[in-house]
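Given next are the chains, with one letter for each unit.
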Amino acid sequence: MPRFLSFTLTLMAVSIVLLLQPVSSVHGAQPTATATKTKKQGPSPSIAKAPAKPAAQAAAPAKSPVKTSVAVPKKTKASPVAPASAQTKRSTQVSGTAKPAVAKKQPRVAARQPAPAPKAVPTQQVKKAKKNNTATARSTVRPAPVTASAEPAGAPQGFEKQISARSAIILDAKTGGELFTKYPDNPRQPASTIKIVTAMIAIKSLKDNDVVEVSNHAASMPSSKVFLETSKRYQADDLINAVLLSSANDASVALAEKVAGSEESFANLMTISARMWGARNTVCRTASGLTALGQQSTSRDLANIFRFAMQHEEFARRMREKSVTTSYGKVLRNHNKALWKVDGALGGKTGYTVAARQTYVGQFSRNGQTIVVALMGSETMWADLGKLVEYGFKKQKDEQLAQLGSSGVRGSN
C-alpha cells in the first residue's frame, strides 16, 4: 500500500506539472499579444504603463519594451506628422516620462510664432502703399474747369461777383457773339420769360381779330392775370398784348387752347419752336411759365430766342409799348421797368416764381450798338441788369476799337 500510494502521488504530481505548464506558456505569450496590439494602435498612455506589470516582467525578456518603441517609429514614418514630434514621442516612451502635453505644445508654439511675422509686415506695407497712392491721386486729380464760370477777358476785377444772378449772358445782337457769361448753360425754371415763345406762336398762328374763348382751366390760372371770364369772348390781339405786357397767365392758356386745342399740346409746340429758334436746352411744360416738373431753360437759350423774336417787326413793336388799351377798355401796363430806367431799352420780358427767382431777357441799343441781356435766378434784378447793360456796351465798343486797330496795322503793312 505505501508503494501504491507513493506511485499514485507521483502520477498526481506529474499531472499537476503538466497541467501547470500550458498556463505558464499562456502567461508568457501575453507580452507578445500586447506588442502586436501596440503596433496596430500606435503609441498610447497604456504602453508607458506596460513595463510596470509584474507578469510581463517575469515571463517576457527585457527586450519587449524595446520592440514596442521600435514599432512606433515605423507607423510614425508612414503618417504625415513632422519628424520633430515623432522624436519627442520616442524619447517619451523610452525614458518612461509622462509629459505628453508639454511635448505636443512645444512644436505648435514654435510653428505659430514665426507665422504672423512675415504676414504682418506686408499687410502694413500694402495699407501704407494704398494710403500713399490715394493721397497722391487726390492731390493730382482735379475737377475739370467750368469755362462758363470763368470771368471774361477785359472784365473788371470781381465783376462777376457783383452780379447776384445765378446765370447771365450778354450777346451781340447782330452777330450773336458772347460779350459776357456767367453759367449761361445751367438749366433753371424760366418763369414768365418763356411767354415770349407763347406770344410768338400766337402772332404767327392767329389774326388780330380772331375770337378766343376762355375755358375754366384758363380762367383758373393764378396771378399775374387779367381776369378773363368764361362767359365772354376776346380778340387775339388783346390777349397777345396781355401776355407780353401784363404777363397774364390766363391769357397765355386761352391762346394755347385756341392754337393747339390744349395747353399740353401747345407746350410741345413751344419746345419744338424754341429749338428752331436756337434754344437747345429748353423744355416747355406750360404756356405761362409757371413752375412745372421737367420745364427748363437757360440764359443762353432765352437770349437766342429773344434775339430771334426781336427781328419780327410786330413782336418788336408790341415790346416797345409802355401801356395799351384793349378793345374792351382795359389798360394794360408793361412790367418791363427797363423802358423807363435803362437808356436804350428796346423791349424785354420779366418773370418771377419762388423756384425761378427773378428772370429777365431784353434788348438794348446805343450809338449803333445793340446787345441782348438775359439773366436767371437773380435777387436784385434791376441792379444786375443795369450793370450788365453798361458792361456789355463798353465791352462791345472795346472789341470794335480793337478790330479797327488790327485792320489799320494790317493795311499799313
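Below is a summary of the structure that appears in this document. Please read these numbers as outputs of a predicted model, since none were measured by experiment. (Residues numbered from 1 in each chain as written. Predicted model: local features only at pLDDT ≥ 70, side-chain atom pairs only at ≥ 80, totals over all residues. Heavy atoms only, no water.)

## Let's talk about the overall build of the protein chain
Tallying secondary structure elements over the protein chain gives 16 helices and nine strands in all. By sequence separation, contacts in the protein chain at least 24 residues apart represent 60% of the contacts at least 6 residues apart. As displayed, the protein chain has an accessible area near 24200 Å², and 57% of this comes from carbon and sulfur atoms. (Helix = DSSP H or I, 4+ residues; strand = E, 2+ residues; numbered from the N terminus. Contact = heavy atoms within 4.5 Å. Areas by Shrake-Rupley, 256 points an atom, 1.4 Å probe, with all protein chains shown as cover.)

## Looking at helix α13 (residues 299-309)
With eight of eleven residues buried, α13 is to be regarded as a mostly interior element. When we look at burial in α13, the residues that qualify are Ser 299, Asp 301, Leu 302, Ala 303, Ile 305, Phe 306, Arg 307 and Ala 309. (Buried < 20%, exposed > 50% of the residue type's maximum accessible area, 1.4 Å probe, protein only.)

## Focus on the pairing of strand β7 (residues 345-353)
Along a regular strand, successive side chains alternate from one face of the sheet to the other. Among the nine residues that make up β7, seven are buried, leaving the element largely enclosed by the rest of the structure. Of the strand pairs in this sheet, β7 and strand β8 (residues 357-366) are connected by eight bridges, and their pairing is antiparallel. Within β8, the residue paired with Gly 348 across the bridge is Gly 362. Counting the residues between successive antiparallel strands, the hairpin from β7 to β8 contains three residues. (Pairing = 2+ DSSP bridges.)

## Quick look at the pairing of β8
Most of β8 is tucked away: seven of the ten residues are buried. Where β8 lies against strand β9 (residues 369-378), eight bridges are found, and the strand directions are antiparallel. Along β9, the bridge assignment pairs Phe 364 with Ile 371. Between the end of β8 and the start of β9, which pair antiparallel, lie two residues, with Asn 367 showing a positive phi angle near 50°.

## Considerations on the side chain of Asn 241
Among the structural elements, Asn 241 can be located in helix α10 (residues 236-244). Once residues lying within four places of it in the same chain are set aside, the contact partners of Asn 241 are Ser 246, Arg 318, Val 324 and Leu 332.

## Here's the deal with unusual backbone geometry
Going from Ser 223 to Ser 224, the amide bond is cis rather than trans, its omega being 10°. The residue Ser 224 is located in the loop between α9 (216-219) and β4 (233-235) in this model. Here the phi dihedral of Ala 191 falls at roughly 55°; this positive angle occurs in a residue that is not glycine. Although it is not a glycine, Arg 357 sits at a positive phi angle of roughly 65°.

## Considerations on the nonpolar core
Val 197, Leu 228, Leu 239, Leu 255, Met 270 and Phe 315 are the most contacted members of the largest nonpolar core, which totals 54 residues. Broken down by element, this core gets its largest block of residues, seven residues, from helix α8 (residues 195-205). What Leu 228 contacts, discounting residues up to four positions off in sequence, is Val 214, Ala 219, Tyr 234, Leu 239, Asp 250, Ala 251, Ala 254 and Tyr 328. Ile 170, Leu 339, Tyr 360 and Tyr 391 belong to the second largest nonpolar core, which has 22 residues in total. (Core = buried A, V, L, I, M, F, W, Y, C linked by side-chain atoms within 4.5 Å.)

## Brief notes about the packing of α8 against helix α14 (residues 313-320)
Running from amino to carboxyl end, α8 crosses α14 at an angle of 130°, the nearest separation of the two axes being 10 Å. In terms of their interaxial angle, α8 and α14 are classed as oblique. For the element pair α8 and α14, the recorded crossing hand is right-handed. Across from Ile 196, Ala 199, Met 200 and Ile 203 in α8, the residues of α14 making contact are Glu 314, Phe 315 and Arg 318. Each residue belonging to the contact of α8 with α14 can be placed in one class, and the counts come to five nonpolar, no polar and two charged. (Axes fitted to C-alpha atoms, helices over the stretch in contact; angles between N-to-C directions. Parallel < 35°, antiparallel > 145°, perpendicular 65-115°, else oblique. Left-handed = near helix turned anticlockwise from the far one by under 90°. Nonpolar A, V, L, I, M, F, W, Y, C, P; charged D, E, K, R; others polar.)

## Some thoughts on the packing of α10 against helix α11 (residues 249-260)
As a packed pair, α10 and α11 sit with axes 8 Å apart at the nearest point and diverge in direction by 135°. Comparing the axis directions of α10 and α11 gives the class oblique. In the packing of α10 onto α11, the handedness of the crossing is left-handed. For the pair α10 and α11, the contacting residues are Ala 236, Leu 239, Ile 240, Ala 242 and Val 243 in the first and Ala 251, Ser 252, Ala 254 and Leu 255 in the second. Residues belonging to the contact of α10 with α11 are distributed by class as follows: eight nonpolar, one polar and no charged.

## Observations regarding the packing of aromatic side chains
Summed over the entire model, instances satisfying the criterion amount to seven aromatic pairs. A ring pair is formed by Trp 277 and Phe 308, whose centres lie 5.1 Å apart and whose planes are at 20°; its orientation type is stacked. With Trp 277 in the loop between α12 (263-276) and α13 and Phe 308 in helix α13, this pair connects stretches of sequence that are 31 residues apart. Residue Phe 308 is classed as partly exposed on the basis of its relative accessible area, which comes to 29%. Pairwise contacts between aromatic rings join Phe 159, Phe 180 and Tyr 391 into one cluster. (Phe/Tyr/Trp six-rings, centres within 6.5 Å; stacked < 30°, edge-to-face > 60°.)

## Topic: α14
If you check which residues of α14 are buried, you get Phe 315, Ala 316, Arg 318 and Met 319. Taken end-on, α14 shows its buried residues confined to a sector of 160°, consistent with a single buried face. For α14, the secondary structure elements touched by its buried residues are α8, α10, α13, α15 (338-341) and β7. (Arc of directions from axis to C-beta.)

## Topic: the sheet that holds strand β2 (residues 178-182)
Read across the sheet, five strands follow the order β2-β1-β9-β8-β7 without closing on themselves; strand pairing throughout is antiparallel. In the strand order of this sheet, the two ends are held by β2 and β7, each with one partner. On average, each strand axis in the sheet is tilted by 5° relative to the strand beside it, whichever way the strands run.

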